[in-house]
Amino acid sequence: MDPQPTSLQRLHNVEKRIVRVLDLAGSVMDELASSTGPRADVLAAYCRDFMQFIKEIQTTLREEIKSACEYRPFEKCDYSARISNEICSKKLEYIIEQLDDIKESIN
């Protein structure tokens, strides 16, 4: 069983499909410019392939964009919460020291 392709591999496959789409467009132009006239069955096959590649490109790009938008590397990280707690703890220690100093100065 093959591992899932990475995002970079999927985007590389999109690039290959785009090149293939451009090749198909060139083939259609050649067929349209043919001296014997365009063959409807050949044009239909090219158009079918073209549309299939466009659909695959669109689907893959949509998935990659959605994946990129959902990617939050620090979302599950507790660093900010730990730092915030540490800062609050230090503030409380400082306040307690200040209160102790005030208490001593009153006595």
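Residues numbered from 1 in each chain as written. Predicted model: local features only at pLDDT ≥ 70, side-chain atom pairs only at ≥ 80, totals over all residues. Heavy atoms only, no water.

Draft legend 1. Local environment of the environment of P38. Position of P38 relative to the elements: it lies in the loop between α1 (7-32) and α2 (40-70). Its relative accessible area of 44% is what places P38 among the partly exposed residues. Residues P38 and V28, ten residues apart in the sequence, show an inter-C-alpha distance of 8.7 Å. If near-sequence neighbours (up to four positions away) are discounted, P38 is found in contact with E31, L32 and L43. (Helix = DSSP H or I, 4+ residues; strand = E, 2+ residues; numbered from the N terminus. Buried < 20%, exposed > 50% of the residue type's maximum accessible area, 1.4 Å probe, protein only. Contact = heavy atoms within 4.5 Å.)

Draft legend 2. Geometry of α1. The end-to-end C-alpha separation of α1 is 37 Å, in line with the 38 Å expected for 26 residues at 1.5 Å each. Within the span of α1, buried status applies to V14, V21, L24, V28 and E31. (Expected span 1.5 Å × (residues − 1).)

Draft legend 3. Spatial organisation of the pattern of salt bridges. Considering all chains together, one arrives at three salt bridges under this definition. With a closest N to O distance of 2.8 Å, E56 and R17 form a salt bridge. Separated by 39 residues along the polypeptide, E56 in helix α2 and R17 in helix α1 bring together distant segments of the chain. E56 gets classed as partly exposed once you look at its relative accessible area, which sits at 25%. Look at R17 and you get partly exposed, because its relative accessible area is 22%. Note that R39 is salt-bridged to E31, the shortest N-O span being 3.0 Å. We classify R39 as partly exposed; its relative accessible area is 46%. (Salt bridge = Lys/Arg side-chain N within 4 Å of Asp/Glu carboxyl O.)

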